[in-house]
There are 2 protein chains.
Amino acid sequence: MARAEDPAGRERILRAATELFYVNGVRAVGTADVIAAAGCGKNMLYRHFPGKAALAAAYLRGVRAERDKATATALAAHRAVGSAAVNAGAGAGGAGAGAGELVALVGEVAAWVSRADFRGCAFRNYLTEFPGADDEPAHVAQAYLRDTRRQVDDLVAGLGAPAVTADRIWLLIDALYAGTGTPPRVAVDWASELVG
Amino acid sequence: MARAEDPAGRERILRAATELFYVNGVRAVGTADVIAAAGCGKNMLYRHFPGKAALAAAYLRGVRAERDKATATALAAHRAVGSAAVNAGAGAGGAGAGAGELVALVGEVAAWVSRADFRGCAFRNYLTEFPGADDEPAHVAQAYLRDTRRQVDDLVAGLGAPAVTADRIWLLIDALYAGTGTPPRVAVDWASELVG
DNA sequence: GTCTATAGAAGGATAGAC
DNA sequence: GTCTATCCTTCTATAGAC
C-alpha cells in the first residue's frame, strides 16, 4: 500500500523555516534545524524545495503575503471610515483624501514593529545577511522594498502633495523597521503632522 | 638569528578584516580570507587576536573610532562657526545654540551614508547578522548605538527642546543608516526644519 | 530517518625560511 | 625568535542516496 502523501507537509516545513529564519537569521539556520523543527524527513524537504535558497525565497514570499494582506486591511479600514465621512455630508473628499491612508500605512508598520515578536524587517534583514546577493530570496526582498516604496509614491501623488512628502514618509517607514528604541508612535504622530 | 618583528602586522590584519567584514559581512568572511588579504601567516592572526570574535570586535571598535572622530570634527566645525556668530554680536547664544549642532550631527551621518563605499551601519549590520548575540562585538555595537542615542538626547536637552525632538532626530538617523533609496539630503532638511 | 559524499570554517600544530 | 606556509583535527553544513 502506498502511504498517502501528507498534504500539510510543505506547509509544516515552511512554517518551521519561517519561525527559525526570522528569529535566528537565514544564515544561522541549517536545513537540519528546519527538518528537526518540522518533524519530517530530509527527503521531504528536498522534494518540496530544491534547496535552501528556494526555501528562503518561499519564506520571504510568505512574509510578503502576510504584510501585503495586513497593509491592504489597514488601508481598506481607513477607506471605509473615509466613505462614512463622505456619506455624512463631507462631499467629494477631493484633495487630502489620501492623507489618512498614508497615516494608516505608517500606523500599520508601527503596529507591526510593536509586536513582541518583532525582529526587524525580514527583507532588509536578508539583504544585510547576504550583501550583494543576486539570488531568488534577494530578488523577493528587493521587489518588496521597491513595490512598497512605489505604494507610498502613489498615495502621495494621489494626494497632490510634493514628492518630498513621499521621501519623508519613506524615511519614517525605514526608521520604524530599524527599530532601535524610539517609540513607534512618534513616527505615526509625525506622519500625521506631515500630511494632516 | 632572530627575525625582526613586523610592527605593522596587527594593523595590516585589522585593515584587511575591516574591508572584508564591512563589504561582505562578518559571517561570510572566514579567517582564511582575512589571512589571504593581509598576506600573512595564520599564526600571526592568532597571535594578535584570540579568535574571530575578538577580530570582529576590534573591527567594530576601529569603525567606532572613525565615526566618533568624524562626528566630533563636524560638531567642532559647527561650534567654531557658532562662536564666530557670537563674536559678530549675537550675544550669549543661549537657547537655540544647540540647534545647529543637531543639524550638523544629522548632516555628518548624511555625508557618511552618501559615500560610494557605504554598505550600511557596521554596528546595525552586525546585530542583524547575529541576532540575540551577547558576545564582545555585540557589546561594542550596542554601546555605540546607546552612546550615540544619548548624544542626541543631550544635545536636545541642552537646546531646551521637548524630548520628542530627540526621538524625531533619532528617527532620521535610523532612516539614514537604513539607506533604502531616499536622498540623504531630505533627512538633513527635515532636521533643519525641526530644530531651526 | 540514517548514512554518506563533499565542502568549508575555526583553530591548533609543525616545518622551514629569514 | 618571528615570520610564512601547510597540515591536521574537529565541527558544521548542504545535498543526495538508500
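Since the model is a prediction, treat every value here as computed from it, not as a measurement.

The rules we used
- Residues numbered from 1 in each chain as written.
- Chains lettered and ligands numbered in written order.
- Predicted model: local features only at pLDDT ≥ 70, side-chain atom pairs only at ≥ 80, totals over all residues.
- Heavy atoms only, no water.
- Contact = heavy atoms within 4.5 Å.
- Buried area = accessible area lost by both parts, 1.4 Å probe.
- Salt bridge = Lys/Arg side-chain N within 4 Å of Asp/Glu carboxyl O.
- Polar contact = N/O pair within 3.5 Å; in protein donor to acceptor, adjacent residues only side chain to side chain.
- Helix = DSSP H or I, 4+ residues; strand = E, 2+ residues; numbered from the N terminus.
- Expected span 1.5 Å × (residues − 1).
- Buried < 20%, exposed > 50% of the residue type's maximum accessible area, 1.4 Å probe, protein only.
- Domains from an automatic or database assignment.
- Nonpolar A, V, L, I, M, F, W, Y, C, P; charged D, E, K, R; others polar.
- Phe/Tyr/Trp six-rings, centres within 6.5 Å; stacked < 30°, edge-to-face > 60°.
- Near = heavy atom within 4 Å.

Q: In this structure, what is going on with the interface of chain A and chain B? I would like to understand it.
A: Where interface size is given, it is often the accessible area lost as the parts come together that is meant. Each side of the interface is counted separately: chain A has 31 residues, and chain B has 31 residues. On the chain A side of the contact with chain B, Arg168, Leu171 and Trp190 of chain A bury the most area, a combined 28% of that side's loss. Taken together, chain A and chain B are joined by 2 salt bridges. The closest approach of N and O atoms between Glu193 of chain A and Arg168 of chain B, which form a salt bridge, is 2.7 Å. Here chain A is connected to chain B by 8 residue pairs in polar contact (both at pLDDT 80 or more). With 9 residues, the single largest contributor to the side of chain A that touches chain B is helix H8 (residues 163–178) of chain A.

Q: Looking at this model, I keep getting lost on H8 of chain A. Mind explaining?
A: Residues three or four positions apart in an α-helix share a direction because the helix packs 3.6 residues into each turn. Relative to the 22 Å expected for 16 residues at 1.5 Å per residue, H8 of chain A spans 23 Å between its end C-alpha atoms, a close match to the ideal helical length. Most of H8 of chain A sits out of view: 13 of its 16 residues are buried.

Q: Could you clarify how one ought to interpret the domain arrangement of chain A in this entry?
A: Residues and elements named next belong to chain A. In terms of domain boundaries, chain A breaks down into domain 1 (1–49) and domain 2 (53–195). The contact between domain 1 and domain 2 buries some 1200 Å² in all, and 74% of this surface belongs to carbon and sulfur atoms. Interface area lost by domain 1 to domain 2 is led by Tyr22, Val26 and Arg27, which between them contribute 52%. Here domain 1 and domain 2 share 0 salt bridges between them. In this assembly, domain 1 and domain 2 are joined by 4 residue pairs in polar contact (both at pLDDT 80 or more). Per element, the largest residue contribution to the side of domain 1 that touches domain 2 is 7 residues, and it comes from helix H1 (residues 9–24). A per-class count over the side of domain 1 that touches domain 2 returns 10 nonpolar, 2 polar and 2 charged.

Q: Is there a simple way to explain the packing of aromatic side chains in this structure?
A: Two aromatic rings, taken as a pair, are described by how far apart their centres are and by the angle between their planes. Residue and element names in this part refer to chain A. As enumerated under the stated definition, the model contains 11 aromatic pairs over all chains in all. Each ring, one from Tyr126 and one from Phe130, has its centre 4.6 Å from the other, and the planes form 25°; the classification is stacked. Judged by its relative accessible area of 3%, Tyr126 is buried. Residue class for Phe130 comes out buried when judged on its relative accessible area of 18%.

Q: I tried to follow the protein's contact with DNA strand D on my own but got confused; where do I start?
A: Close to DNA strand D lie 21 residues, the nearest being Thr31, Lys42 and Lys52 of chain A together with Arg3 and Gly41 of chain B. Sugar and phosphate atoms form 52% of the subset of DNA strand D atoms that lie within 4 Å of the protein. Separating a phosphate oxygen of DNA strand D from a backbone N or O atom of Thr31 of chain A is a distance of 2.7 Å. Between Asn43 of chain B and DNA strand D, the recorded distance is 3.4 Å, taken from a side-chain N or O atom to a base oxygen. Contributions of two or more residues to the surface near DNA strand D are made by helix H3 (42–48) of chain A together with helix H3 (42–48) of chain B. Of the residues in the surface near DNA strand D, the class split is 6 nonpolar, 7 polar and 8 charged.

Q: Looking at this model, I keep getting lost on the protein's contact with DNA strand C. Mind explaining?
A: All residues adjacent to DNA strand C are Gly41, Lys42 and Asn43 of chain A together with Arg3, Gly30, Thr31, Lys42, Asn43, Tyr46, Gly51 and Lys52 of chain B. For DNA strand C, the fraction of protein-proximal atoms (within 4 Å) that sit in sugar or phosphate groups is 30%. Between a base oxygen of DNA strand C and a side-chain N or O atom of Asn43 of chain A, the distance comes to 2.6 Å. Between DNA strand C and the protein, one listed contact pairs a phosphate oxygen with a side-chain N or O atom of Tyr46 of chain B at 3.4 Å. Counting only elements with at least two residues in the surface near DNA strand C, the list comes to H3 of chain A together with H3 of chain B. A total of 3 residues in the surface near DNA strand C trace back to one element, the largest contributor, which is H3 of chain B. A breakdown of the residues in the surface near DNA strand C according to their chemical character gives 1 nonpolar, 6 polar and 4 charged.

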